[in-house]
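# Summary of structural features
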Amino acid sequence: MRRASVAAVLLLVVACGHDRGPTSPTTNPPPVTEPDPLRAAAGAAGKLVGTAVQSSLLNDPRYGGVFARHFDFVTAEYEMKWDPIERTRGAEDFSGGDAIVAYAAARGMQVKGHALVWHQAVPSWVNGLPAADLRTELDRHIRSVASHYRGRVLAWDVVNEAIDDNGFGLRDSIFRQKLGDRYIADAFRSAREADPQALLFYNDYSGEGLGGKSDAIYELVRSLLAQGVPIDGVGLQMHVRAGAPPPESSVAANMRRLAALGLRVNISEMDVRVGDLGGATPANLERQRSVYRSLVGVCVAEPACHAVTFWGFTDAHTWITSTFGPDAPLLFDAQYAPKPAFFGVLDALARR
Ligand code: G3I
């Protein structure tokens, strides 16, 4: 090659390699197109699409940005439970729940209260109470919290996880031990008196498809209705594994039989872990997408299923402490990028 040509080539290489500082408009990368909002697709399907949140994260622009764009139904992951509200007897602190409710109201979101009666997140001072005091304190708690949020929540998980995982009888919680089986009916009656407009739900896990536990849940709510107890729906939590999800047809049949009682149903705490499949490989994320699309699709197809709520929306904040490997259970990754699971949900909501 002639010397002059070599020089010309070198200039060209240097020019191309020269740092031109900020790239000119013509070379900026194409804008990252935001995926369609889940809440728009859900609204078109007549459903609410929600997530559990923590108030401390709402001021994070990435967290708040994704939350506000995609969801119109919100559940406090922790802050509306008994312990965070009344860690000291008689000294109620509603600040966490109030922050979530205010954030939701400013963005046209509905709120689901969670949870008035649960065997976990119980203040330590409750455990030693004699039966008569426990009955008084539990009733006061239910009425106080439901009254505080009256008119600001669409629904409440009034009683959470009262069926045990063994014989599928009632869980032997302190409430059942000291107050008897009637604590459940009493809780729903007090919640209705405190907030006549709120939809009152029973909420539980591992009862999504037909089986022993879902039969026990069905029988519980059928019995409550037969006693004239004010109950409006059942929350199916849907904490599932991508490798062994409940069969779509079984979940549909379970939803239908609950609907035949005149109840609403919702998917209340969905996450789909992939840890036991070996973590977030492309193949496992595709299986996760398929499970999300299939099970959300069951709710979209069932008129009595009014809402789907995910138990968080970014893998950066999930309750699941991975046992086998990264469970990566949610719709957005830890950098808030939508995963295949997100598009599976969008396709289900759009009936694609
Ligand atoms: O906010 C406090 C913090 O101030 C304190 O320093 C720290 C250490 O004690 O605790 C923090 O509270 C924790 C809270 O999550 C907020 O992160 C509680 O200890 C912890 O017990 C609580 O765990 C929650 C758990 O319910 C128990 O309430 C999980 O986030 C939440 O995902 C999980 O959700 C449950 C549903 O309510 C019912 N269905 C099952 C589901 C998963 O377990």
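The coordinates are above.
This is a predicted model, so every value here is computed, not measured.

### Digging into the packing of helix α10 (residues 212-226) against helix α11 (residues 248-259)
As a packed pair, α10 and α11 sit with axes 11 Å apart at the nearest point and diverge in direction by 10°. Here α10 lies roughly parallel to α11, going by the angle between them. In this structure, α10 contributes Ser 214, Asp 215, Tyr 218 and Val 221 to the contact, and α11 contributes Asn 254, Arg 257 and Leu 258. A class-by-class count of the residues in the contact of α10 with α11 yields three nonpolar, two polar and two charged.

### Remarks on the environment of Asp 83
Of note, Asp 83 is situated in helix α4 (residues 82-85). Under the relative-accessibility criterion, Asp 83 is labelled buried at 15%. The sequence separation of Asp 83 and Trp 125 amounts to 42 residues, and the corresponding C-alpha distance is 9.6 Å. Every residue in contact with Asp 83, bar those within four places of it in the chain, is listed here: Tyr 78, Ala 121, Val 122 and Pro 123.

### Section: the environment of Lys 178
Turning to its location among the elements, Lys 178 is positioned in helix α8 (residues 174-179). Not counting residues within four places of it along the chain, the set of residues in contact with Lys 178 comprises Asn 127, Gly 128, Leu 129, Ala 131, Leu 134 and Arg 135. Among the polar contacts listed, one links the side chain of Lys 178 to the backbone oxygen of Leu 129, at a separation of 2.5 Å.

### Here's the deal with the state of the cysteines
Taken as a whole and assessed by the stated rule, the structure comprises one disulfide. A disulfide bridge connects Cys 299 with Cys 305, and the sulfur atoms are separated by 2.0 Å. Between Cys 299 and Cys 305 the disulfide shows an S-S torsion of about -95°. By sign, it is left-handed. Of the two residues, Cys 299 and Cys 305, neither departs from the other in class, the shared state being buried.

### Quick notes on the pattern of salt bridges
If you walk through the whole model with that rule in mind, you get 21 salt bridges. For Glu 137, the salt bridge identified is with Arg 140, shortest N-O distance 2.9 Å. With Glu 137 and Arg 140 both in helix α7 (residues 131-148) and three residues apart, this pair spans about one turn of that helix. When its relative accessible area of 9% is taken as the criterion, Glu 137 is described as buried. By relative accessible area, which is 29% here, Arg 140 ends up partly exposed. We note a salt bridge from Lys 213 to Asp 204, for which the minimum N-O separation is 3.4 Å. Among the residues examined, Asp 204 registers a relative accessible area of 2% and is labelled buried. Residues participating in the shared-partner salt-bridge network are Glu 86, Arg 89, Glu 137 and Arg 140.

Procedures and definitions
- Residues numbered from 1 in each chain as written.
- Predicted model: local features only at pLDDT ≥ 70, side-chain atom pairs only at ≥ 80, totals over all residues.
- Heavy atoms only, no water.
- Axes fitted to C-alpha atoms, helices over the stretch in contact; angles between N-to-C directions.
- Helix = DSSP H or I, 4+ residues; strand = E, 2+ residues; numbered from the N terminus.
- Parallel < 35°, antiparallel > 145°, perpendicular 65-115°, else oblique.
- Contact = heavy atoms within 4.5 Å.
- Nonpolar A, V, L, I, M, F, W, Y, C, P; charged D, E, K, R; others polar.
- Buried < 20%, exposed > 50% of the residue type's maximum accessible area, 1.4 Å probe, protein only.
- Polar contact = N/O pair within 3.5 Å; in protein donor to acceptor, adjacent residues only side chain to side chain.
- Disulfide = S-S within 2.5 Å.
- Salt bridge = Lys/Arg side-chain N within 4 Å of Asp/Glu carboxyl O.

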